[in-house]
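In case you want the letters, here they are:
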Amino acid sequence: MTALLEIRNVSRVFQAGEETVTALKGIDLTIEKGELLAIVGSSGSGKSTLMNILGCLDQPSAGDYRVAGKSVLGLFPDELAALRREHFGFIFQRYHLLGTLTAAENVAMPAIYAGLDPQARASRAKALLERLGLGERMDHRPNQLSGGQQQRVSIARALMNGGEIILADEPTGALDTRSGEVVLDILKELHRAGHTVIIVTHDMQVAANAERIIEIRDGLVLSDKRSVEMHAAPVATISSETGRPGWLGGFRRRLEDAFPMALRSMAAHRVRTFLTMLGIIIGIAAVVAVVGLGEGARQKVLAQINELGASTLSLFPGKGWNDERAAAITTLVARDADALSAQSYVSGVTPLITSTTRVRSDRASLNANINGVGPDYFRVNGMKVLKGNGFSAQSVSARKQIALLDDRTAETLFPNGEPALGRVIMIDRMPAVVVGIVSRPRSAAGDKTLQVYVPYTSASGRLFGESTSLSGLTVRVADGVDTGFAERAIVSLMTRRHGVKDFFVFNSDQMRKALESTSQTMTLLISSVAVISLIVGGIGVMNIMLVSVTERTREIGLRMAVGARRLDIMLQFLIEAVVICLAGSIVGVGLAVALAFALGGAGSEFPMIISLNSILAACAVAVAIGLTFGFLPARNASRLAPVDALSRE
Ligand code: ADP
Ligand code: MG
């Protein structure tokens, strides 16, 4: 029969700076199932080093160590973790309980890594605590328990996964005599129940409880005395293979286990967690708000363009907007408009004739800009008729002597709030009835010129003479006709009519595209600034997580001691980072939405439109940031060696 634990010529050499310390110098030891054994020796003799090797927390520098016949030489960290899970339960001098967990949760913790489901964990932890006389203290936190009680909690934890072999390093070292006796009695009782118990102590009185005492000095076995022959009874361990779900299910279970752990450690450092989140909150709020504002501006611009009608082409004399000789070009006339409206690809033409002349009412006289326009003009230019009506097609074709005033002109001609509608004004020598008031185009807010609108037929026929040239004309392209095609056709038609291309075409589609691309460029620009703030936030998260890993080294060591795999540790910290980022992003989105409400929806001056997509994208970005910036700290945590992590204060 193979021995339970078998150490052959094991040595352990530490490199401490320049010096090498040989803590164990070739130890041979065989431990059978069911022994109650004490390892004694003075401080610095190598007891803890030996125990760490026995418990697979550390590996020998030379020699061989076999657990149940299986050599630990060359095993990977996760394989060692599996050995610890399946065979060992640790009891430490300083208990090493996690302060944020209740007694029951501390006890249940090792079973998380053995893959036991939460209900089974809770009920087993409860049973163990009751067995150790702590049934009343289940929900207390470690700092609410006495030293003896804490040590009993840690014994329950050692038994959680079975604890076939209990390794106790100075279990009574921090306890008063009475509590120490209780702990020793429990260990003896566990021995009677079939557990193999190994107690490490410098206290001969404690060692006297054991049936076999191994004394070591300076890394060598000095004596090995056995007082009673052993009889072994089997111990039920929870194998990590029992009831273990499949790979995917296992991963989900790990996530489910790691999530509350993350929440707990976040809750334990609330202010710090909040400050960490702040970077993400600000970053996400900025990105979502900027994208929302960009989208709002885009939709507003689009709505304005859509008011222009689906597709319009405007013709103006000259080579372009800044052509100084354009005023001298008189070839664009009303008959061009007629010719254009006869084309199949044109659904309407709105000519524009402008000139400045004197306008009088019985109250005032002023110089105004006279616009001869078609019936579609106001709609085409996105101007609202505030009072009365615009021009109908009939009144235009009948050359009616009617006029619309812009609101400022109306106030000037009819001061003191006198009604303007229905009154007669003189435009040069033509009397006209005021039939409506229009709003000034927004683009003309700072423009002081006063505007009067009359049907273009009346303007050319009655005001400026039959041959007056047009200032421009706007063509509405028929539905289903490509504006590019219409533009080419119009250019060729008009060039033929004029004999030369003395006009230029303004395509509203081009404007739409130009406006869209500017607003997109703006959004992109501001977003990239916001993204930088997100990255800064992410670096903040990484920073705090690195601190947190350093601070929680002992917790990590403990989790590894009870059998956590590297992936488990990694997941725990990654999830913490992701949860912090996700929570931050939710608060950030909330802030952005609140801002959107404060700005007042789609109709306001600065509409902010936050789509579900941008919210989802924000959350996805937050998760990505958490994964990216949490990776390094999480990996650092998972790479820690269990002994180093445990021994760090
Ligand atoms: P004990 O538990 O019996 O008091 P240890 O096993 O802790 O003794 O230590 C044995 C010797 O090994 C001591 O001289 C100690 O300084 C040294 N030692 C233990 N761990 C380390 C380490 N990580 N690095 C360097 N030296 C170590
Ligand atoms: Mg020690």
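Presented here is an overview of the structure given in this document. Note on numbering: residues in each chain are counted from 1, in written sequence order. Written order decides the labels, with chains lettered from A and ligands numbered from 1. Reporting of local features is limited, given that this is a predicted model, to residues whose pLDDT is at least 70; pairs of side-chain atoms are given and counted only at 80 or more, and all residues count toward the totals for whole chains, interfaces and linings. Remark: hydrogens and water are excluded; side-chain values derive from all non-hydrogen atoms of the structure.

## Let's talk about the packing of aromatic side chains
Here is step 1: Each aromatic pair joins two rings of Phe, Tyr and Trp (for Trp, the six-membered one) with centres within 6.5 Å, and gets the label stacked for planes under 30 degrees apart, edge-to-face for over 60, and tilted for any other angle. Following the criterion strictly, the structure yields eight aromatic pairs and no others.
Here is step 2: Ring centres of Phe378 and Tyr453 lie 5.2 Å apart, and the angle between their planes is 80 degrees; on these two criteria the pair is classed as edge-to-face. Taken together, the residues Phe378 in helix 11 (residues 377-380) and Tyr453 in strand 18 (residues 451-455) connect sequence positions 75 residues apart. Neither Phe378 nor Tyr453 differs from the other in exposure class; each is buried. Only DSSP runs of H or I covering at least 4 residues are called helices, and only runs of E covering at least 2 are called strands; the numbering of each starts at the N terminus. A 1.4 Å probe rolled over the protein chains alone gives each residue an accessible area, and that area as a share of the maximum for its type sets the label: buried under 20%, exposed over 50%, partly exposed in between.

## A short note on the site of ligand 1
Here is step 1: Looking at ligand 1, the residues that line it are Phe14, Val21, Ala23, Ser42, Ser43, Gly44, Ser45, Gly46, Lys47, Ser48 and Thr49.
Here is step 2: Pairing of N or O atoms within 3.5 Å defines a polar contact, subject to two protein rules: one partner must be a possible hydrogen donor and the other a possible acceptor, and residues neighboring in sequence count only if both atoms are side-chain atoms. Contacts to ligand 1 include Ser48, whose side-chain N or O atom sits 2.7 Å from an oxygen atom.
Here is step 3: A distance of 2.5 Å is found between an oxygen atom of ligand 1 and a side-chain nitrogen or oxygen belonging to Thr49.
Here is step 4: The accessible surface values rely on the Shrake-Rupley method and a 1.4 Å probe; as for residues, cover is taken only from the protein chains in view. Notes on ligand 1: free accessible area 560 Å², of which the protein chains cover 62%.
Here is step 5: Mapped onto the shell around ligand 1, the elements with two or more residues apiece are strand 2 (19-31) and helix 1 (47-54).
Here is step 6: For the shell around ligand 1, the leading source of residues is helix 1, giving three residues.
Here is step 7: Residue classes in the shell around ligand 1 are distributed as three nonpolar, seven polar and one charged. Put simply, a residue is near a molecule or strand once any heavy atom of it comes within 4 Å of that molecule or strand. Any residue outside Ala, Val, Leu, Ile, Met, Phe, Trp, Tyr, Cys, Pro, Asp, Glu, Lys and Arg is labelled polar, Gly included; the first ten of those are nonpolar and the last four are charged.

## Considering the pairing of strand 11 (residues 312-317)
The side chains of a regular strand alternate, residue by residue, between the two faces of the sheet.
Here is step 1: Summarising burial for strand 11: six of the six residues are buried, a large majority.
Here is step 2: Both faces of strand 11 are covered, namely the face carrying Thr312, Ser314 and Phe316 and the face carrying Leu313, Leu315 and Pro317.
Here is step 3: As paired elements, strand 11 and strand 19 (residues 472-477) share four bridges and run antiparallel to each other. Bridging from a neighbouring strand, Thr312 pairs with Arg476 of strand 19.
Here is step 4: A strand pair is defined by DSSP finding two or more bridges across the two strands. Across five bridges, the pairing between strand 11 and strand 20 (residues 503-507) is antiparallel. Note that in strand 20 the partner of Leu313 across the bridge is Asn507.

## Regarding the sheet that holds strand 10 (residues 220-226)
Here is step 1: Strand order in this open sheet of six strands is 6-7-8-3-9-10, and the pairing throughout is mixed. A single partner strand is all that each edge strand has here, and the edge strands are strand 6 (88-91) and strand 10. In this sheet, neighbouring strand axes are inclined to one another by 15 degrees on average, regardless of whether the strands run parallel or antiparallel.
Here is step 2: Sheet analysis places strand 6 next to strand 7 (residues 165-169), joined by four bridges and oriented parallel. Every axis corresponds to a line fitted to the C-alpha atoms, with the helix fit spanning only the stretch in contact, and the corresponding angles, defined between N-to-C directions, vary from 0 to 180 degrees.

## A closer look at unusual backbone geometry
Here is step 1: One non-glycine residue, Cys56, lies in positive phi territory at about 60 degrees.
Here is step 2: The topology assignment puts Cys56 in the loop between helix 1 and strand 4 (62-67).
Here is step 3: We classify Cys56 as buried; its relative accessible area is 1%.
Here is step 4: A positive phi angle, near 50 degrees, is found at Ala68, a position not held by glycine.
Here is step 5: The residue Ala68 is located in the loop between strand 4 and strand 5 (70-71) in this model.
Here is step 6: Taking relative accessible area as the criterion, Ala68 reaches 43% and is therefore assigned partly exposed.

## So, the sheet that holds strand 2
Here is step 1: Ordered in space as 2-1-4-5, the four strands form an open sheet in which the pairing is antiparallel. The open sheet is flanked by strand 2 and strand 5, the only strands paired with a single partner.
Here is step 2: Sheet topology places strand 1 (residues 5-16) next to strand 2; 10 bridges connect them, and they run antiparallel. The residue bridging Ala16 from the neighbouring strand is Glu19, located in strand 2.

## Structural notes on the nonpolar core
Here is step 1: What we call a nonpolar core is a set of buried Ala, Val, Leu, Ile, Met, Phe, Trp, Tyr and Cys residues that are connected through their side-chain atoms within 4.5 Å. Counting 81 residues, the largest nonpolar core has Leu5, Leu50, Leu54, Tyr65, Phe88 and Ile198 as its most contacted members.
Here is step 2: At 12 residues, helix 18 (residues 566-599) tops the list of elements feeding residues into this core.
Here is step 3: Here this core spans two domains, since at least three of its residues come from each of domain 1 (5-244) and domain 2 (261-302 + 514-647).
Here is step 4: We call two residues in contact whenever any of their non-hydrogen atoms come within 4.5 Å of each other. Sequence-distant contacts of Tyr65, defined by excluding residues within four places in its chain, comprise Leu5, Glu6, Ile7, Ile53, Leu54, Cys56, Pro60, Lys70, Ser71, Val72 and Phe88.
Here is step 5: Residues Leu313, Val349, Leu463 and Leu473 belong to the second largest nonpolar core, which totals 53 residues. Where a domain begins and ends is set by an automatic assignment or by a domain database.

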